Amino acid sequence: MDAHLQFRERNAQAKTPCIGVCDSGVGGLSVLRSLRAQLPDAPLLYVADSGHAPYGERSNEYIIDRSRWIMDHLVAEGAVGIVIACNTATAIAVPELRSSRPGIPIVGVEPGLKPAAITTRNGRIGVMATPGTIASEKFRVLMQAQGNGVTITPRPCPGLARLIEEGDLNSSQLREAIDGHTALLRAAGVDTVVLGCTHYAFVRHHIEAAMGHGVRIIDTADAVARHAVNTLGPLLPAADATDTMRLQTTGEADRLRAIASAWLPFLCTVESISTAAETLP
Ligand code: DGL
């Protein structure tokens, strides 16, 4: 372990134990929102890697490198367990994260194909996710596990997370992108659409409108939060009510502050953090 990491490890002992939550950017706030609703007093620390978003069109090496950095940072800040609120990082980096830190429990997210297979009436399911998630081995296995009786139409949505990351959920560019990405799913006649990227939860209403009446949307944020509460909640000591909801970003704090106050129904402190110099380009 290098000196920098040892320093962080020592520091962690002095920090308030918390649950760490992270994403490439602001998408994981949709999971944080559900987690907060279920754990109103628990110390939560969210890291948005907005200085490096989006992940969905990056190499696996880049995503693993960033995810490791964030995990080390969260542990140094006192995280006793981590929610990877990012489908792309879960699909690509979680095995490496688990083996590099076996003592830290990790809860990941994945596209909700199982609930979609229960929900669908006509057997046709669409999945919207990043190119990285859809190209991953984990997604291939997840698709295979659904067996016969359902037809899955995956739709990689390059650029969509980046537009959401900009924060203007009503921009015409964003609406046009959603219209374009959902066209294939409309043509396939799907009656259920899985949101396979945590960013997309914030434009669910636009996706619903673009898909039309009767199409059901599957977002697993509440289910992931429930799983995190059961798995990580018991690791926390009795809650300390001060400064329990912190957001950090590798991007601009003002931008995250504006998004958090518009998208989240609770108050939080927001700060920017500097990123590791050794991150791959
Ligand atoms: N929110 C992320 C996900 O769930 C990643 C989006 C991105 O950075 O491309 O996949």
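Residues numbered from 1 in each chain as written. Predicted model: local features only at pLDDT ≥ 70, side-chain atom pairs only at ≥ 80, totals over all residues. Heavy atoms only, no water.

Here the focus is the nonpolar core. L29, L32, L35, V83, I207 and L247 are the most contacted members of the largest nonpolar core, which has 56 residues in total. Looking at this core, the element that brings in the most residues is helix α11 (residues 221-232), giving six residues. The contacts of L32, once residues within four sequence positions are left out, are V21, L44, Y46, M245, L247, L264 and F266. Within the second largest apolar cluster, 25 residues are counted, among which are L45, L74, A89 and I92. (Core = buried A, V, L, I, M, F, W, Y, C linked by side-chain atoms within 4.5 Å. Buried < 20%, exposed > 50% of the residue type's maximum accessible area, 1.4 Å probe, protein only. Helix = DSSP H or I, 4+ residues; strand = E, 2+ residues; numbered from the N terminus. Contact = heavy atoms within 4.5 Å.)

A few words now on the site of the ligand. The immediate surroundings of the ligand are formed by 13 residues, with S24, Y55, G56, T88 and H199 found nearest. Note that an oxygen atom of the ligand is positioned 2.6 Å from one of the side-chain N or O atoms of T88. Contact with the protein chains removes 100% of the 300 Å² of surface that the ligand exposes when unbound. Of the residues contributing to the shell around the ligand, the split by class is five nonpolar, seven polar and one charged. (Near = heavy atom within 4 Å. Polar contact = N/O pair within 3.5 Å; in protein donor to acceptor, adjacent residues only side chain to side chain. Areas by Shrake-Rupley, 256 points an atom, 1.4 Å probe, with all protein chains shown as cover. Nonpolar A, V, L, I, M, F, W, Y, C, P; charged D, E, K, R; others polar.)

We now examine the pattern of salt bridges. Opposite charge on two side chains makes pairing possible when the charged atoms of those side chains draw close. This structure, assessed with the given rule, holds 13 salt bridges. A salt bridge links K114 to E110, with the shortest nitrogen-to-oxygen separation between them at 4.0 Å. The class of E110 is partly exposed, set by a relative accessible area of 27%. Between R204 and E208 there is a salt bridge, and its shortest N-O distance comes to 3.4 Å. Of the two residues, R204 and E208 both sit in helix α10 (residues 204-211), four residues apart, roughly one turn of that helix. On the accessibility criterion, R204 (30% relative accessible area) is partly exposed. Salt bridges linked by common partners bring K15, E77, R246 and E271 together as one network. (Salt bridge = Lys/Arg side-chain N within 4 Å of Asp/Glu carboxyl O.)

With that out of the way, let us pick up the packing of helix α2 (residues 29-38) against α11. Two numbers describe how α2 lies on α11: the axes approach to 8 Å, and their chain directions differ by 50°. In terms of their interaxial angle, α2 and α11 are classed as oblique. As for how α2 packs across α11, the hand of that crossing is right-handed. For the pair α2 and α11, the contacting residues are S30, V31, S34, L35 and Q38 in the first and A221, D222, V224, A225, R226, A228 and V229 in the second. Residues of the contact of α2 with α11, tallied by class, amount to seven nonpolar, three polar and two charged. (Axes fitted to C-alpha atoms, helices over the stretch in contact; angles between N-to-C directions. Parallel < 35°, antiparallel > 145°, perpendicular 65-115°, else oblique. Left-handed = near helix turned anticlockwise from the far one by under 90°.)

Note that Q146 resides in the loop between α7 (137-144) and β6 (151-156). At 3.0 Å, the side chain of Q146 and the backbone oxygen of L142 are in polar contact. Dropping the residues within four chain positions of it, Q146 is found in contact with L113, K114, A117 and I152.

Within strand β3 (residues 79-84), five of the six residues are buried, which leaves it mostly tucked inside the rest of the structure. Sheet analysis places β3 next to strand β4 (residues 106-107), joined by two bridges and oriented parallel. Paired with I82 across the two strands is I106, which belongs to β4. As for the winding sense of the linkage, the β-α-β connection from β3 through helix α4 (residues 87-100) to β4 is right-handed. (Pairing = 2+ DSSP bridges. Right-handed = clockwise from strand over helix to strand, strands pointing away.)

This next bit is on the sheet that holds β6. Strand order in the open sheet made by the four strands is β6-β5-β7-β8, with parallel pairing throughout. Edge strands, defined here as strands with exactly one partner in the open sheet, are β6 and β8 (216-218). When strand polarity is set aside, the average angle formed by the axes of neighbouring strands in this sheet is 25°. Inspection of the sheet shows strand β5 (residues 124-129) paired to strand β7 (residues 192-195) by four bridges, in the parallel sense.

So, about helix α3 (residues 60-76). Each α-helix winds once per 3.6 residues, and so residues spaced three or four apart point in a common direction. Counted at 1.5 Å a residue, the expected span for α3 with its 17 residues is 24 Å, and the 24 Å between its end C-alpha atoms agrees. Burial within α3 is extensive, with 13 of its 17 residues counted as buried. Just beyond α3, the residue with positive phi is G78, at close to 110°. (Expected span 1.5 Å × (residues − 1).)

On the basis of which strands lie adjacent, the open sheet formed by six strands has the order β4-β3-β1-β2-β9-β10 and parallel pairing. In the strand order of this sheet, the two ends are held by β4 and β10 (269-272), each with one partner. Here strand β1 (residues 18-23) runs beside β3; their pairing, made up of five bridges, is parallel. Across the sheet, the residue bridging to C22 is I84, located in β3. Contacts from α2 reach β1, β2 (44-48), β3 and β9 (245-249), with the element oriented near 175° to β2.

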